[in-house]
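Below are the chains, spelled out letter by letter.
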Amino acid sequence: MKTELLLPDKDGIARVVELWRKGGLVAFPTETVYGLGGDASNGNAVARIYEAKCRPSFNPLIIHVADLAQARKYAEFDALARQLAEAFWPGPLSLVLPIKPGVELSPLVTAGLDTIAVRVPENPLAQKLLREFGGAIAAPSANPSGRLSPSTAAHVMDGLAGRIDAVINGGACAVGLESTIVHPGSAPPALLRPGGLPVEALEAMLGQKMARPDDPDQPISPGQLASHYAPGLPVQRDVTAPDPHAIWLGFGPNCGASARNLSHNADLREAAANLFGMLHELDGMAKKSGAKVIQIAPIPNTGIGAAINDRLSRAAAPR
Ligand code: TXA
Ligand code: MG
């Protein structure tokens, strides 16, 4: 794949939006770092984000929207969340909030969680792109996993040329450091990641100290902050001959009797896009049928298959 380098003009912006609408991946500047953006409602596009970064696991991603009105289509804002958004958006703050029920978001964006991290970037080019696109763009930093976050279009090209559709060059990022992530729903509100918005500014507005997840004096209830979705039932992997009383999640063309199939064509990208939605569905089916275990067909451990297996091995680990 040839990665297009786009200029931040009318044609460049139109091209980015066209690529996003088609499920393409385009890196774009925010004031923190360049993000690797794809349509958050398109599971295939989100799977491609993980693939392009060679992420060995599915971390939940941040969605990017143009303003608070747009953000409210995707997430539930209580009074405190609204206050934070009004004070610091647009800007380098991401809020982790409950997902609005029924909203069009691929479950792969949140790795199956029922909360979503939302950000309204201030960078003028990011603003134009998001306004023009009109929906939510999922975007982790635009670097291969384990490498430094990119603050110029050249950094993005160094790391991801040939793996993504385009980069739009908006110059250097003003902040150069990822957004600060806050979970306002904890009591007290929790700082999940320090970043471009100073903690002091947040705490001054809140009128209190925030909890830190690693602070023994102010533990955060794990339920509020579960960083990983786990199915309710035990999970067994690499099953080729399922138990008749189990719920079977198939992969590939030879899983005729499966309750769901991650990909009939054995396409790993499709399987990744389906993973969390199907696990949720199987949990629901299990409650109705009284099944005691979810059994899963073997998944090849290549490419994005490694991230799928990482997730399944956690789900299968004894609890
Ligand atoms: O500045 C930034 O935030 C950049 C630019 C591109 O916007 N983006 C970024 O995304 O740093 P990423 O994917 O590298 O980091 C997202 C982090 C994850 O590591 C995860 O810890 C946290 O956000 N996160 C996302 N959703 C979450 C959720 N529902 N609950 C808790 N943490 C979440
Ligand atoms: Mg990152």
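As shown above, the structure is provided for reference.
The structure displayed is predicted, hence computed values, not measured ones.

Student: Would you explain the overall build of the protein in this entry?
Tutor: A count of helical and extended segments in the protein gives 10 helices and 14 strands. A globule of 319 residues ought to have a C-alpha radius of gyration of about 20 Å, and the protein, at 20 Å, matches this closely. Judged by the C-alpha coordinates and their principal axes, the protein covers about 55 × 50 × 30 Å. Looking at the 319 residues of the protein, the share that counts as buried comes to 53%. In the protein, of all internal contacts separated by at least 6 residues, the share reaching a separation of at least 24 is 66%. When the accessible surface of the protein is totalled, it reaches about 13900 Å², and 53% of it is carbon and sulfur. Charge separation in the protein, taken as the distance between the mean sites of 29 positive and 30 negative side-chain charges, equals 2 Å.

Student: Explanation requested: the sheet that holds strand β5 (residues 93-98) in the structure shown.
Tutor: Pairing between the strands of a sheet comes from backbone hydrogen bonds, and it takes one of two forms, parallel or antiparallel. The strand order across the open sheet built from 10 strands is β1-β8-β2-β3-β7-β4-β6-β5-β9-β10, with neighbouring strands paired in mixed fashion. Because the sheet does not close on itself, it has two edges, and the strands there are β1 (4-6) and β10 (190-193). Of the pairings in the sheet, the one linking β5 to strand β6 (residues 115-119) comprises five bridges and is antiparallel in character. By the bridge assignment, proline 98 is partnered in β6 with threonine 115. Across the face of the sheet, helix α2 (residues 43-53) comes into contact with β3 (34-39) and β7 (137-138) while running at roughly 145° to β3.

Student: Before we go on, may I ask you to explain unusual backbone geometry in this structure?
Tutor: With the exception of glycine, most residues fall at negative phi, and the peptide bonds are largely trans. Tryptophan 89 connects to proline 90 through a cis peptide bond whose omega is -10°. Checked against the element boundaries, proline 90 lands in the loop between α4 (79-88) and β5. With omega at -5°, the peptide bond leading from alanine 187 into proline 188 counts as cis. For proline 188, the position within the fold is in the loop between β9 (180-183) and β10. Even without glycine at this site, aspartate 238 takes up a positive phi of about 55°. Take aspartate 238: its relative accessible area is 49%, and that puts it in the partly exposed class. For alanine 266, which is not glycine, the phi dihedral falls at a positive 55°. Residue placement: alanine 266 occurs in the loop between β13 (260-261) and α9 (268-289). Under the relative-accessibility criterion, alanine 266 is labelled partly exposed at 39%.

Student: Teacher, can you tell me more about the sheet that holds strand β14 (residues 294-296) here?
Tutor: Read across the sheet, four strands follow the order β11-β14-β12-β13 without closing on themselves; strand pairing throughout is parallel. Edge positions in the sheet fall to β11 (235-236) and β13, since each has one partner strand and no second. As judged from the two bridges shared by strand β12 (residues 247-250) and β13, these two strands associate in the parallel manner. Within the sheet, the bridge partner assigned to glycine 250 lies in β13 and is asparagine 261.

Basis of the calculations
Residues numbered from 1 in each chain as written. Chains lettered and ligands numbered in written order. Predicted model: local features only at pLDDT ≥ 70, side-chain atom pairs only at ≥ 80, totals over all residues. Heavy atoms only, no water. Helix = DSSP H or I, 4+ residues; strand = E, 2+ residues; numbered from the N terminus. Rg over C-alpha atoms; globule rule 2.2 N^0.38 Å. Buried < 20%, exposed > 50% of the residue type's maximum accessible area, 1.4 Å probe, protein only. Contact = heavy atoms within 4.5 Å. Areas by Shrake-Rupley, 256 points an atom, 1.4 Å probe, with all protein chains shown as cover. Lys, Arg positive; Asp, Glu negative; His and termini not counted. Charge placed at Lys NZ, Arg CZ, Asp CG, Glu CD. Pairing = 2+ DSSP bridges. Axes fitted to C-alpha atoms, helices over the stretch in contact; angles between N-to-C directions.

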